[in-house]
Amino acid sequence: MPICSCEETINEFETLTRDAGRVQQDTLKKILELNADAEYLNHFGLNGRTDVESYKSCIPLCVHSDVEPYIQRIAAGDTSPLLTGKPVTSLSLSSGTTHGKPKFLPFNDELLETTLQIFQTSYAFRNREYPIGKGKALQFIYGSKQVVTEGGILATTATTNLYRRPRYKEGMKDIQSQCCSPDEVVFGPDFHQSLYCHLLCGLIYSDEVHQVFSTFAHSLVHAFQTFEEVWEDLCADIRDGVLSEKVTVPSIREAVTKILKPNPELADSIHRKCMGLSNWYGVIPALWPNAKYVYGIMTGSMEPYLKKLRHYAGHLPLISADYGASEGWVGANINPTQPPEQVTYAVLPQTGYFEFIPLEKPKGEESENSASIHYIESDPVGLTEVKIGKIYEVVITTFGGLYRYRLGDIVKVAGFHNSTPELQFICRRSLVLSINIDKNTEKDLQLAVEEAGKLLEAEKLEIVDFTSYVEKSSDPGRYVIFWELSSDASEDVLRSCANCLDLAFVDAGYMGSRKIKTIGPLELRILKKGTFEEILDHFLSLGGAVSQFKTPRFVNPLNIKVLQILNRNTTKSYFSTAYGL
């Protein structure tokens, strides 16, 4: 898709979304024709029918555990048509940061094509607002370990499944997204060395960089926190044209050495700019003067990193990347000027078949300021039948062998673009914190942490990262919130923070249980600096990819290793007195 076809892409998107209902029927027909022989579909008696009515009456809604037996058979080498007509040759691993165990999901060429359609569409709209010419992207992207299952199927993260395909690289070149770093850096076996070299390559090509990208906001913040520590080493490498001895992986050393030449002038310029910054504010536009924006997924569990990312980005806009999951894509960001907190995603009706389960709060709970889970569900409705202002759970049918699959995401319909809805991501549906009748989601936790975090601002402190745990070994059970802080806070402030957190959970079940003491006082635990870095390293040691890493906002009791890291690094503990002792 050369630059000149941005308008073409937009025109095609306009055409498809004007008649989204018909496109949805055609897309479902195409998916069901391609996979007519799939055992999963025939098990439910679909028998080759491709109309919406037959599909919905035969095929039930499902979750991952329903398709897991089929995926296990694929992993074991069964090449018969189980979920798709053609044999599945690759599997994607979901991030697995919540339960410490990733899920296997099918990946195929059709999913690669839908990815490119989403990326090209959002690029076309982005480029209309923030045009970029020929140039490079400073991309903090990382391949992950690739494992081969007992049946000879390659399994790796969804992002790595993309990065390793030549077709993906062609598509990225077309949308001006050529990475500054050579492939050896992207696929390097040591994340810390890869990150160092991403920064170095980015500086070498600093005048050519038009955008700064990582899959998640967390990776961007982490990259520039690392930059604060290693910038003088990077300057030395550029000045002398010799790569730091800390980079020991032969393939990375060889690839980066080819592009590193002595450049004292550039080194002096970087040094001067870094020394002139106030607490690293605006480091990105200072060092990459032609960058037009910073880009990555910034919604949901990434929102807590926005404040720090804005600090690094200075005047540059933050643009939230598209909405999808390892299972498949849902929508593209076609309004790139919206701040990430208000971003909406237009559903591309040709990339999959979409349904939405209407969620209503029971009478009397409508006004609760909580992403409460007590929802009453109705029958799923089609893409064009959703209503503005209502909330839904997303159900997808993909070209990759998932049928009426519940994503577990709650979205709100913000409006329509032609006849396709624009969705606002609200939160994951799964409960994070619950002891008895209390029900709090990740969004509720985030709001509570933000509220308590305001007490730190007066002391010019910030929360580096946070997670939570339900302590049920004591009676009554209690919420435990873990914080890593930018520096030490006073005892009084931290006691106030513990009380504030306790009061910030406004779910009726929680407040009632606290009052009658069936839930104990909330505990705030303060962690040593670097604890979340240790959790990241643990996740990478399991074969995860940084570009897919999400800090677990809730630590499952089965995730023993992460709990051990948190407990080992706890320095102080404060119990709330908000509801009396």
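None of these values were measured; they are calculated from a predicted model. In this numbering scheme, every chain counts its residues from 1 along its sequence in written order. Where local features are concerned, this predicted model is filtered to residues with pLDDT of at least 70; where side-chain atom pairs are given and counted, the filter is 80 or more; whole-chain, interface and lining totals use all residues. To get the side-chain values, all heavy atoms of the structure are used, and hydrogens and water are removed first.

## Topic: the overall build of the protein chain
Heads up, the condition is: Secondary structure elements follow DSSP: runs of H or I no shorter than four residues count as helices, runs of E no shorter than two count as strands, and numbering proceeds from the N terminus. All radius of gyration figures rest on C-alpha atoms, and the globule criterion is 2.2 Å times the number of residues raised to 0.38. For every residue, the accessible area (1.4 Å probe, protein chains only) is compared with the maximum for its type, and the residue is labelled buried under 20%, exposed over 50%, or partly exposed between those bounds. Here a residue-residue contact requires only that any non-hydrogen atoms of the pair lie within 4.5 Å. Working definition of accessibility: Shrake-Rupley area with a 1.4 Å probe, residue cover restricted to the visible protein chains.
Per the secondary structure count, the protein chain includes 20 helices and 23 strands. Against the 2.2 N^0.38 benchmark of 25 Å for 581 residues, the protein chain shows a C-alpha radius of gyration of 24 Å, consistent with a compact globule. In terms of overall dimensions, the protein chain has C-alpha extents of about 70 × 65 × 45 Å along its principal axes. Residues counted as buried form 60% of the 581 residues belonging to the protein chain. Put simply, of all contacts in the protein chain between residues at least 6 apart along the chain, 71% involve residues at least 24 apart. For the protein chain, the exposed area adds up to about 23400 Å²; of that, 52% sits on carbon and sulfur atoms.

## With respect to the nonpolar core
The test is simple: Note on terminology: a nonpolar core comprises buried Ala, Val, Leu, Ile, Met, Phe, Trp, Tyr and Cys residues joined through side-chain atoms within 4.5 Å.
Formed by 95 residues in total, the largest nonpolar core has its most connected members in Phe140, Val212, Phe224, Phe227, Ile284 and Val294. Excluding residues that lie within four positions of it along the chain, Phe227 makes contacts with Leu199, Leu203, Leu234, Cys274, Trp280, Val283 and Leu287. Counting residues in each nonpolar core, the second largest holds 48 residues, with Ile31, Ala75, Val343 and Leu402 among its members.

## With respect to the pattern of salt bridges
We count it as follows: By convention in these notes, a salt bridge is any Lys or Arg side-chain nitrogen within 4 Å of a carboxyl oxygen on Asp or Glu.
As enumerated under the stated definition, the model contains 25 salt bridges in all. With a closest N to O distance of 2.8 Å, Glu393 and Arg406 form a salt bridge. With Glu393 in strand β15 (residues 391-397) and Arg406 in strand β16 (residues 405-417), the pair connects residues that are 13 residues apart, well separated along the chain. When its relative accessible area of 3% is taken as the criterion, Glu393 is described as buried.

## Re the sheet that holds strand β3 (residues 136-139)
Here is the rule we go by: Strand pairing requires that DSSP identify at least two bridges connecting the strands. Comment: axis = line fitted to C-alpha atoms, over the contacting stretch for helices; angle = value between 0 and 180 degrees taken between N-to-C directions.
The strand order β3-β6-β7-β8 describes an open sheet built from four strands, whose pairing is parallel. Bordering the open sheet on either side are β3 and β8 (318-320), each of which pairs with just one other strand. For this sheet, the mean inter-axis angle between neighbouring strands, taken without regard to orientation, is 25°. Strand direction decides the pairing type here: β3 and strand β6 (residues 209-216), joined by four bridges, are parallel. Across the sheet, the residue bridging to Leu138 is Val212, located in β6.

## A short note on the side chain of Thr397
Operational definition: Counting of polar contacts relies on pairs of N or O atoms within 3.5 Å, with two restrictions inside protein: one atom must be capable of donating a hydrogen and the other of accepting it, and residues adjacent in sequence are counted only when both atoms are side-chain atoms.
Along the chain, the position of Thr397 falls in strand β15. According to the relative accessible area criterion, Thr397 is buried, its value standing at 0%. There is a polar contact of 2.7 Å between the side chain of Thr397 and the side chain of Tyr55. Those residues in contact with Thr397, other than ones at most four positions away along the chain, are Leu28, Ile31, Tyr55, Gly352, Tyr353, Leu402, Tyr403 and Arg404.

## Notes on the sheet that holds strand β22 (residues 523-527)
What the four strands build is an open sheet, ordered β20-β21-β22-β23; its pairing is mixed. Lying at the two open borders of the sheet, with one neighbouring strand each, are β20 (463-471) and β23 (570-575). If you compare each strand with its neighbour and ignore which way they point, the axes differ by 20° on average. Contacts between helix α17 (residues 491-504) and the sheet are confined to β21 (478-485), β22 and β23, with β23 contributing the most and set at about 60° to the helix. Its contacts with the sheet put helix α20 (residues 560-568) on β20, β21, β22 and β23, and the angle it makes with β23 is roughly 85°.

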